Amino acid sequence: DGGITQSPKYLFRKEGQNVTLSCEQNLNHDAMYWYRQDPGQGLRLIYYSQIVNDFQKGDIAEGYSVSREKKESFPLTVTSAQKNPTAFYLCASSAGKSGTSNFFGPGTRLTVL
Amino acid sequence: GESVGLHLPTLSVQEGDNSIINCAYSNSASDYFIWYKQESGKGPQFIIDIRSNMDKRQGQRVTVLLNKTVKHLSLQIAATQPGDSAVYFCAETTGFSGSARQLTFGSGTQLTVLP
C-alpha cells in the first residue's frame, strides 16, 4: 500500500539536544512538507520541498532544518535553537499541480523533558 | 492578513442527525479548498475538496458548499455516526510554489457525536 510513514511515533528529548524525525513516502510525490501542530490549534508550515535537493522555509522555520537527498525521504531536524519544540509533527506530500490534495503521515509527537 | 477561520470551535450532534461545520476564509485569490478529518493522535485525513469554479461537491455522506460571495465554506455530514467524532479542518490554497501546494489551515472544529 502506498503512503507516508513517520518514525518514531513518540520521541522524548532532553533540552539542548538535536533530534531528527523521519518521513518516508512511496507515493512517488514530488513535493513534501513538514507541519507543526500545537494542542487545539491548526497546522503551521515549517519547511517544504518541491523536488530533490530543494527546500524552502515555511512560516515557522526558525530552529528547524531539513534535507531532501532522495525523492522518498524528507527528514526534519529539531535543533536546540527551537525554543518550544514540544508539539505534534506532521509530514505530508503531494503530487503536484495535477495531483490530489496534500496527503499526511501519522505524525510524531515530540516531548522535550 | 489573509486567514482561514472556523465559526465554531465545538459542535455536538445526536447520532443519525446531520452535521454542518462552517469555515470562513478571507483570501479572495484562494482557488482550492479542502476539508480534513483528524482523529486524536493521528494525521489529518482527506475528506473532500472543491475548486473555486464550483459551488457544491458531494462525496459519500459528505457535501461541501462554497459561497465565494461571502467567502464561506461548509461541510455537511449526513446521518452522523460515532466514527465521525473528530476535529475537522478546512484549508485553502492560493496556488503552487513549483510543485508544492501552499495550504493555509483553520484552527479546527471538534465534532462530538452523542449516542
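Notes on the structure follow. (Residues numbered from 1 in each chain as written. Chains lettered and ligands numbered in written order. Predicted model: local features only at pLDDT ≥ 70, side-chain atom pairs only at ≥ 80, totals over all residues. Heavy atoms only, no water.)

At the junction of A:S7 and A:P8, the peptide bond is cis and its omega measures out at -10 degrees in the coordinates. Phi at B:R61 is positive, roughly 65 degrees, even though this residue is not glycine. Structurally, B:R61 is set in the loop between strand 6 (56-58) and strand 7 (62-67). The class of B:R61 is partly exposed, set by a relative accessible area of 30%. (Helix = DSSP H or I, 4+ residues; strand = E, 2+ residues; numbered from the N terminus. Buried < 20%, exposed > 50% of the residue type's maximum accessible area, 1.4 Å probe, protein only.)

With that settled, the discussion passes to the state of the cysteines. Residues and elements named next belong to chain A. Inspection of the entire model under this criterion finds two disulfides over all chains. Paired through a disulfide, C23 and C91 show a sulfur-sulfur distance of 1.9 Å. Disulfide C23 to C91: torsion about the S-S bond roughly -75 degrees, handedness left-handed. Taken as a pair, C23 in strand 3 (residues 19-25) and C91 in strand 9 (residues 87-94) lie far apart in primary sequence, 68 residues in all. (Disulfide = S-S within 2.5 Å.)

A few words on the sheet that holds strand 3 of chain A. Residues and elements named next belong to chain A. Read across the open sheet, the four strands follow the order 1-3-8-7; overall the sheet is antiparallel. Two strands lie at the open edges of the sheet, namely strand 1 (4-7) and strand 7 (64-66), each paired on one side alone. Between one strand axis and the next, the sheet turns by 20 degrees as a mean value, whatever way the strands run. In this structure, strand 1 lies alongside strand 3, joined through four bridges in antiparallel fashion. In the sheet register, T5 faces strand 3, and the bridge partner there is E24. (Pairing = 2+ DSSP bridges. Axes fitted to C-alpha atoms, helices over the stretch in contact; angles between N-to-C directions.)

Attention shifts here to the nonpolar core. Grouped together as the largest cluster of nonpolar side chains are 20 residues, with contacts concentrated most on B:W35, B:L73, B:L75, B:Y88 and B:L111. Listed by contribution, the elements that provide at least two residues to this core are strand 2 (10-14), strand 3 (19-25), strand 4 (32-38), strand 5 (45-51), strand 7, strand 8 (72-77), strand 9 (86-97) and strand 11 (109-114) of chain B. Core analysis: the next-biggest nonpolar cluster, separate from the first, contains 19 residues, A:L11, A:Y47, A:F74 and A:V78 among them. (Core = buried A, V, L, I, M, F, W, Y, C linked by side-chain atoms within 4.5 Å.)

Across the contact, 26 residues belong to chain A and 22 residues belong to chain B. When chain A packs against chain B, close to 1700 Å² is buried across both sides, 51% of that on carbon and sulfur atoms. Applying the counting rule to chain A against chain B returns three residue pairs in polar contact (both at pLDDT 80 or more). Per-element accounting of the side of chain A that touches chain B gives the leading share, four residues, to strand 4 (residues 31-37) of chain A. A per-class count over the side of chain A that touches chain B returns 10 nonpolar, 12 polar and four charged. (Contact = heavy atoms within 4.5 Å. Buried area = accessible area lost by both parts, 1.4 Å probe. Polar contact = N/O pair within 3.5 Å; in protein donor to acceptor, adjacent residues only side chain to side chain. Nonpolar A, V, L, I, M, F, W, Y, C, P; charged D, E, K, R; others polar.)

All names here are of chain A. Only one face of strand 3 is covered, namely the face carrying V19, L21, C23 and Q25; the face carrying T20, S22 and E24 is uncovered. Alignment of strand 3 against strand 8 (residues 76-78), held across three bridges, turns out to be antiparallel. Bridge pairing links T20 to T77 in strand 8.

Following the sequence through the fold, A:Q37 ends up in strand 4. The class of A:Q37 is buried, set by a relative accessible area of 9%. For the pair A:Q37 and A:Y89, spaced 52 residues apart in sequence, the C-alpha separation works out to 6.2 Å. Setting aside residues no more than four positions away along its own chain, A:Q37 makes contact with A:G42, A:L43, A:A87, A:F88, A:L90, B:Q38 and B:F89. A polar contact of 3.2 Å, which involves the side chain of A:Q37, links it to the backbone oxygen of A:Q41. Among the polar contacts made by the side chain of A:Q37, one reaches the side chain of B:Q38 at a distance of 2.8 Å.

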